[in-house]
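# Structural characterization, general
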Amino acid sequence: MSIRVEALTKVYGQQKAVDGISFTANTGVLGFLGPNGAGKSTTMKMLTCFIPPTSGMASVCGFDIGKQPLDVKRSIGYLPESNPLYTDMYVKESMAFVAGIHGLHKPGKRIAEVIEQTGLGPEQHKKIGQLSKGYRQRVGLAQAILHNPQVLILDEPTSGLDPNQLVGIRQLITDLGKTKTIILSTHIMQEVEAVCSQVIIINKGQIVANDSLQSLRNKNQGNSLESIFIALTNQ
């Protein structure tokens, strides 16, 4: 399995941001849902080795997040919610910069592939600072997949996209999920229903649902994911 999490906990002072969660994720798209402050971003930051856990363990592609952080980072493509970009760089220049960090062999070929994949062709010679929010999201996604990682962790990847862009990026995530393990955090329930095979709902730092989308519906009288989410997170 690509991701294995066991009793993962993160404590800030008196607050347990993440409280002993355990789950596994394999090839496909896992929807990681929860209200604001539920522990989603904290979990993703621990899995990507941006912050250390207080206790528990997790592994990504067999690498321990505590003992092998560099190997974990090589295995992951991460698009954080804040999507930090070098706005003074041109799109293609930023791709070359990221390719250099990853030490890619024949970067030009891979950069061209990813620019086409993410629909950045018309904007590739512009400065990132000149792009719309939607195109900046595409740049962040392109940088995350550039080194062809086995695992993708995407925090609100479709934020700021218009309906046409949404369709394109959702299709890209679906296609990537055929061969990669993707954790997708979003507040858009239609997005989860469109692309995710497995759903985890976290509330107050604890997992309150972990199931396939179909099974979750079956257990809740066929209710919509939105209704199930509200019922589980309003307790």
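Residues numbered from 1 in each chain as written. Predicted model: local features only at pLDDT ≥ 70, side-chain atom pairs only at ≥ 80, totals over all residues. Heavy atoms only, no water.

This part takes up the overall build of the protein. From N to C terminus, the protein includes 9 helices and 10 strands. Seen through its C-alpha atoms, the protein measures out along the principal axes to roughly 50 × 40 × 30 Å. Across the 235 residues of the protein, 49% fall into the buried class. With an accessible surface of roughly 11,100 Å², the protein has 50% of that area assigned to carbon and sulfur atoms. Across the protein, 23 positive and 18 negative side-chain charges occur, with their mean positions spaced 4 Å apart. (Helix = DSSP H or I, 4+ residues; strand = E, 2+ residues; numbered from the N terminus. Buried < 20%, exposed > 50% of the residue type's maximum accessible area, 1.4 Å probe, protein only. Areas by Shrake-Rupley, 256 points an atom, 1.4 Å probe, with all protein chains shown as cover. Lys, Arg positive; Asp, Glu negative; His and termini not counted. Charge placed at Lys NZ, Arg CZ, Asp CG, Glu CD.)

To continue, consider the packing of helix α5 (residues 133–145) against helix α6 (residues 163–176). The relative placement of two packed helices is expressed as an angle between their axes plus a distance between the axes. Running from amino to carboxyl end, α5 crosses α6 at an angle of 10 degrees, the nearest separation of the two axes being 11 Å. The angle between the axes of α5 and α6 places the two elements in the roughly parallel class. Taking contact as the criterion, the partners of G134, Y135, R138, L141 and I145 in α5 are, on α6, Q165, I169, L172 and L176. Residues of the contact of α5 with α6, tallied by class, amount to 6 nonpolar, 2 polar and 1 charged. (Axes fitted to C-alpha atoms, helices over the stretch in contact; angles between N-to-C directions. Parallel < 35°, antiparallel > 145°, perpendicular 65-115°, else oblique. Contact = heavy atoms within 4.5 Å. Nonpolar A, V, L, I, M, F, W, Y, C, P; charged D, E, K, R; others polar.)

This part takes up the sheet that holds strand β4 (residues 55–60). The strand order β2-β1-β4-β5 describes an open sheet built from 4 strands, whose pairing is antiparallel. Two strands close off the open sheet at either side, each with one partner strand: β2 (15–25) and β5 (63–64). One ladder, built from 7 bridges, connects strand β1 (residues 3–12) with β2; its direction is antiparallel. Note on β2: the bridge partner recorded for R4 is T24. (Pairing = 2+ DSSP bridges.)

This next bit is on the packing of aromatic side chains. Following the criterion strictly, the structure yields 3 aromatic pairs and no others. Relative to F32, the ring of F23 has its centre 6.0 Å away and its plane inclined at 35 degrees; by these criteria the two rings are tilted. Both residues of the pair, F23 and F32, belong to the buried class. When the ring of Y86 is compared with that of F97, the centres are 5.6 Å apart and the planes differ by 85 degrees; the resulting orientation is edge-to-face. (Phe/Tyr/Trp six-rings, centres within 6.5 Å; stacked < 30°, edge-to-face > 60°.)

Here α5 contains 13 residues, and its C-alpha end-to-end distance of 19 Å stays within 8% of the 18 Å for a straight helix at 1.5 Å per residue. Burial within α5 is extensive, with 10 of its 13 residues counted as buried. Those residues of α5 that are buried lie in contact with β6 (76–79), α3 (91–102), α4 (107–117), β7 (151–155) and α6. (Expected span 1.5 Å × (residues − 1).)

Moving on, we come to the packing of α3 against α5. Across the interface, α3 lies against α5 with an axial gap of 10 Å and an inter-helix angle of 25 degrees. On the basis of their axis angle, the class for α3 and α5 is roughly parallel. As for how α3 packs across α5, the hand of that crossing is right-handed. Taking contact as the criterion, the partners of V91, S94, M95 and V98 in α3 are, on α5, V139, A142 and Q143. Among the residues forming the contact of α3 with α5, the class breakdown is 5 nonpolar, 2 polar and no charged. (Left-handed = near helix turned anticlockwise from the far one by under 90°.)

Attention shifts here to the pattern of salt bridges. Between side chains of opposite charge, a pair can form as their charged atoms come close. All told, the structure shown has 10 salt bridges when counted by the stated rule. In this structure, R4 engages E6 in a salt bridge whose closest nitrogen and oxygen atoms are separated by 2.3 Å. Of the residues examined, R4 reaches a relative accessible area of 31% and is grouped as partly exposed. Across the pair K126 and E123 runs a salt bridge whose closest N-O atoms are separated by 3.0 Å. Judged by its relative accessible area of 35%, K126 is partly exposed. One continuous salt-bridge network, built from bridges that share partners, spans K109, R110 and E113. (Salt bridge = Lys/Arg side-chain N within 4 Å of Asp/Glu carboxyl O.)

Take the sheet that holds β7 next. The strand order β6-β7-β8-β3-β9-β10 describes an open sheet built from 6 strands, whose pairing is mixed. Every other strand in the sheet has two partners, leaving β6 and β10 (206–212) as the edge strands with one partner each. Geometrically, the sheet is characterised by an average inter-axis angle of 15 degrees between neighbouring strands, direction not taken into account. Direction of pairing for strand β3 (residues 28–33) relative to strand β9 (residues 198–203): parallel, over a ladder of 4 bridges. Bridged to F32 within β9 is I200. Running at roughly 145 degrees to strand β8 (residues 181–185), α6 makes contact with β3, β7 and β8 of the sheet.

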